[in-house]
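This is what each chain is made of:
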Amino acid sequence: MAPGGRRGGARLLPLLLPLLLLPAAGGGCAAEGGPLEPFDALYASGVEAYYGGDFAGAARCLERALRSRRELRAARLRCRRLCRAQVRLEEPGPGTGGDLRFFGSVLRRAECVRRCEEPRLGAVSRHRAAEEVRADFQRRVPYSYLQRAYIQLNKLEEAANAAHTFFMANPEHMEIQQDLENYKTMSGKASLIDQEARQHMEDYSAGVRHYDREEYELAIELLERALQGYYSEDEDCQLMCEGPQRFEEHEHLDYKAGLYEAIADHYMQVLACKHDCVRELATRSGRISPIENFLPLHYDYLQFAYYRVGDYVKALECAKSYLLFHPDDEDVLENAGYYEGLLEGTVDPATIKPRKEARALLRRHKLESHLLRVAAAGLGFAYTEPNYWNRYGARQDEHSVPSSISSEPEDGPRLSLTKKPMPKPDRELKEGGPLLYSDVKFVYNSQQLNGTQRVLLDNVISEEQCRELHRVASGIMLAGDGYRGKTSPHTPNERFEGATVLKALKYGYEGRVPLKSARLFYDISEKARRIVQSYFQLNSTLYFSYTHLVCRTALSGQQERRNDLSHPIHADNCLLDPEANECWKEPPAYTFRDYSALLYMNADFEGGEFIFTEMDAKTVTASIKPKCGRMISFSSGGENPHGVKAVTKGQRCAVALWFTLDPLYRELERIQADEVIAMLDQEHLGPSEMNINPKDEL
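To start, this report covers the structure provided alongside it. On a predicted model such as this, the values are computed, not experimentally measured, just so you know.

1. Focus on the overall build of the protein
The number of helices and strands found in the protein is 20 helices and 15 strands. Expressed as a percentage of its 698 residues, the buried residues of the protein come to 51%. In the protein, the share of contacts with a sequence separation of at least 24, taken over all contacts with a separation of at least 6, comes to 75%.

What follows is the structure in structure tokens.
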């Protein structure tokens, strides 16, 4: 073997690993024609072409994969809608054989759907994509490949749109953020179109923006269009739930249920899917939590907007529609009474009813809930009813709560909602679990740090590991890396440099830094994750959402009489509002982050203390001086506002880690790094000397 040959092969393998998750590509992107080609096969061809350097072929196949997936959904919706209209389900008759009429109509509808779909789709089995592929499309991963392919083809507008579409579902992706900044400043600025935008959500957001500017006619037009789109999407969501379902509690090959048990099992899955359409339609791309109170909020905005344009009939109609969802809302009850008073003598208020589509949806939703509870009680079906229209939690969208109008008279209508405090945690908060590693030293807990869900530890890594990590940092970090290219993102008096785990491993493969040293960065971050998960006694897996090695250096000549911070006071998963003494869990905050940690590498600098504060961002509750091997970890919410004091001399380096309990928000680069490490372990290439497996549990 030629020198370096093995390493060269190792460099190539991580690039090819994504292909292993896809079906065989089948020789590239075939010409269009005949039944719809499966989107997973087209996706595989596109990825294969991308890694083979055929960027034109990659773009062509990936675009066709995305189009195929859209056409697959459209074809299924069209056929299910057609067959629902053509074949009515019969009611069972009395006596023996009375159910034959019903089952006969079920068979006829199934035949109708199959006969309708096959000419366009071909055999049903052609379009059963693997879970991993479906997850890629949900996370819009094909657009990430598309962006890079279009860059290679010098099609910058197409690349910008692909990047923007990917970013809307992956707002934590730092590299894409940097790409978008570049597109925004390029000649002939790109339009940045979200190619997967949901129109009812776009109309809602636009309507609320007009509402906030007191442009009520435009707000009404857009919010009414958003409602039409919502109910249309709800019908589509209901139809799409009638497809195949997954039975996680059963081994399919050994499943021997009787007729009615099998029907009940399948129908409960379908019914739970339909019941969850309320959450699905209120959830933005890339988010897990829906906009709280989403559908009722349309009517809340509209009741007030119609009042402001003088249409009191519509105002009362929308107020009554809102009260279907929240009949005890005192503000809207008072508003409805006020509108009735304005209409007195002209229209009988009793003739103005809530909107029929709202009544129908709520009636259906309540019946679904009843059936699901019956199944849970009588059939052992696992189900917990969510609160789909909770109006007491934190805002999940920047426009989800109407702004109050201070010029309104005291006896005029009021908006039903005002800002509410952060919701209580959805899990039991614990701490004091084992530290897993005998050399790690406990220093302070939450009580000693004057807060909640906080811990300070020492000796997480050794002096030698600190020095080695610092040597790695000096070889891989770039100014502004991880900060959208901004060399001084938080203060003009310091320079910020950073690097990710994947970048370190890449540099290790290329020989720019020792491979063992690059592996050390990965290993210590994994050690930190295990400690955090164990100490806070989390009952589910903690995933990386972002990992960043960062150094901040005091700039000479700019340190006299500094009164700024190296990093202003903030919270990691919500927008801190010191004046309101609140923290709003909404974009652009990284709302999916659950825990944070900072592992320090050195102490030979001045300033740079890490501080916790009260919600006012002024009252310091704890101050921590960094040193080698010291780690501070804490929950990422508004209970832990924090910042960094000015670094006035020297360079302060640390590994910053953010974690999530939601696997959908796992760091993409970390997944790739895991694949590289798995390959390294298999090939016995360059392991670090650090053993990250827990030894002596404390």
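2. Let's talk about the side chain of Arg552
Mapping Arg552 onto the fold places it in strand S5 (residues 543-554). Here Arg552 sits buried without a salt bridge, and the closest side chain of opposite charge, Glu494, lies 4.9 Å off (N-O distance). Side chain to side chain, Arg552 and Ser566 meet in a polar contact 2.8 Å long.

3. Side note on the packing of aromatic side chains
By convention here, two paired aromatic rings are described through the distance between centres and the angle between planes. Within this structure, the stated rule accounts for 29 aromatic pairs. Summarising the aromatic geometry, the rings of Tyr50 and Tyr145 are spaced 5.4 Å apart at their centres and angled 75° between planes, so their arrangement reads as edge-to-face. Of the two residues, Tyr50 is situated in helix H2 (residues 39-51) and Tyr145 in helix H6 (residues 141-152); the sequence distance between them amounts to 95 residues. Measuring from ring centre to ring centre gives 5.6 Å for Tyr230 and Tyr231, while their planes differ by 85°; the resulting arrangement is edge-to-face. Of the two residues examined, Tyr230 and Tyr231, each falls in the buried class. Here the aromatic residues Phe39, Tyr43, Tyr50, Tyr51, Phe55, Phe137 and Tyr145 are joined through ring pairs into a cluster of three or more.

4. Things to note about the state of the cysteines
All chains considered together, the criterion is met by 7 disulfides. One disulfide bridge connects Cys551 with Cys653, the sulfur atoms lying 2.0 Å from each other. Note on the Cys551 and Cys653 pair: the S-S dihedral is about 115°, so by sign convention the disulfide is right-handed. Placement of the pair is Cys551 in strand S5 and Cys653 in strand S15 (residues 647-660), with a sequence separation of 102 residues. Assigned by exposure class, Cys551 and Cys653 land together as buried. Covalent S-S linkage joins Cys574 and Cys583, the inter-sulfur distance amounting to 2.0 Å. Classification of the bridge connecting Cys574 and Cys583 rests on its S-S torsion, roughly 95°, and on that basis the disulfide is right-handed. In this structure, Cys574 and Cys583 share a single accessibility class: buried.

5. Some details on the side chain of Lys274
Summarising the element assignment, Lys274 is placed in helix H11 (residues 259-275). Using a relative accessible area of 14% as the deciding quantity, one classes Lys274 as buried.

6. Overview of the packing of helix H3 (residues 55-86) against helix H4 (residues 100-121)
Direction vectors running N to C along H3 and H4 enclose 150°, while the axes themselves pass 9 Å from each other. Classified by the interaxial angle, the pair formed by H3 and H4 is roughly antiparallel. As H3 packs across H4, the resulting crossing turns out to be right-handed. On the side of H3, the interface is formed by Glu71, Leu72, Ala75, Arg76, Cys79, Arg80, Leu82, Cys83, Arg84 and Gln86, while H4 contributes Arg109, Cys112, Val113, Cys116, Glu117, Arg120 and Leu121. Classifying every residue of the contact of H3 with H4 by side-chain character gives 9 nonpolar, 1 polar and 7 charged.

7. Observations concerning the sheet that holds strand S14 (residues 642-645)
Pairing is antiparallel in the open sheet, where 4 strands are placed in the order S6-S14-S11-S12. Because the sheet does not close on itself, it has two edges, and the strands there are strand S6 (565-570) and strand S12 (620-624). Averaged over neighbouring strand pairs, the angle between their axes works out to 20° when direction is ignored.

8. Some thoughts on the environment of Leu456
With respect to the secondary-structure elements, Leu456 resides in strand S2 (residues 454-458). Relative accessible area serves as the criterion here: at 2%, Leu456 is assigned to the buried category. Here the alpha-carbon distance between Leu456 and Lys441, two residues 15 residues apart in the chain, equals 8.9 Å. Not counting chain neighbours up to four residues away, the residues in contact with Leu456 comprise Lys441, Phe442, Val443, Tyr444, Leu449, Ile624, Arg630, Met631 and Ile632.

9. Brief notes about the pattern of salt bridges
The full count for this structure, using the stated rule, is 32 salt bridges. Arg198 is the salt-bridge partner of Glu280, the closest N and O atoms lying 3.6 Å from each other. Remark: Arg198 occurs in the loop between helix H8 (174-185) and helix H9 (199-212) and Glu280 occurs in helix H12 (residues 277-281); sequence separation between them is 82 residues. Residue Glu280 is classed as partly exposed on the basis of its relative accessible area of 33%. The closest approach of N and O atoms between Lys314 and Glu317, which form a salt bridge, is 4.0 Å. Separated by 3 residues within a single helix, Lys314 and Glu317 lie in helix H14 (residues 312-325), roughly one turn from each other. In this structure Lys314 comes out as partly exposed when scored by relative accessible area, which is 31%. Since its relative accessible area comes to 18%, Glu317 is described here as buried. One connected set of salt bridges, linked through shared partners, spans Arg198, Asp276, Arg279 and Glu280.

10. A few points about a positive patch on the surface
A grouping of Lys353, Lys356, Arg359 and Arg363 is seen on the molecular surface, where their side chains present a positively charged patch. Its location among the elements puts Lys356 in helix H16 (residues 356-378). The class of Lys356 is exposed, set by a relative accessible area of 64%.

11. Describing a nonpolar patch on the surface
A surface patch of nonpolar side chains, amounting to about 590 Å² of accessible area, comprises Leu259, Tyr260, Ile263, Tyr267, Leu367 and Leu371. Secondary structure elements with two or more residues in the nonpolar patch: H11 and H16. Among the elements that take part in the nonpolar patch, H11 stands out by supplying 4 residues, more than any other. Judged by its relative accessible area of 37%, Ile263 is partly exposed.

12. As for H6
With 12 residues, H6 extends 18 Å between its outermost C-alpha atoms, agreeing within 8% with the 16 Å of an ideal straight helix rising 1.5 Å per residue. For H6, the tally of buried residues reaches 10 of 12 residues, placing the bulk of the element in the interior. Of all the residues in H6, the buried ones are Val141, Pro142, Tyr143, Ser144, Tyr145, Leu146, Gln147, Arg148, Ala149 and Tyr150. Following H6 by one or two positions, Asn154 adopts a phi angle in the positive range, close to 60°.

Criteria and thresholds
Residues numbered from 1 in each chain as written. Predicted model: local features only at pLDDT ≥ 70, side-chain atom pairs only at ≥ 80, totals over all residues. Heavy atoms only, no water. Helix = DSSP H or I, 4+ residues; strand = E, 2+ residues; numbered from the N terminus. Buried < 20%, exposed > 50% of the residue type's maximum accessible area, 1.4 Å probe, protein only. Contact = heavy atoms within 4.5 Å. Lys, Arg positive; Asp, Glu negative; His and termini not counted. Salt bridge = Lys/Arg side-chain N within 4 Å of Asp/Glu carboxyl O. Polar contact = N/O pair within 3.5 Å; in protein donor to acceptor, adjacent residues only side chain to side chain. Phe/Tyr/Trp six-rings, centres within 6.5 Å; stacked < 30°, edge-to-face > 60°. Disulfide = S-S within 2.5 Å. Axes fitted to C-alpha atoms, helices over the stretch in contact; angles between N-to-C directions. Parallel < 35°, antiparallel > 145°, perpendicular 65-115°, else oblique. Left-handed = near helix turned anticlockwise from the far one by under 90°. Nonpolar A, V, L, I, M, F, W, Y, C, P; charged D, E, K, R; others polar. Pairing = 2+ DSSP bridges. Patch = residues over 30% accessible without salt bridge, like charges linked within 9 Å, V, L, I, M, F, W, Y side chains within 5 Å. Areas by Shrake-Rupley, 256 points an atom, 1.4 Å probe, with all protein chains shown as cover. Charge placed at Lys NZ, Arg CZ, Asp CG, Glu CD. Expected span 1.5 Å × (residues − 1).

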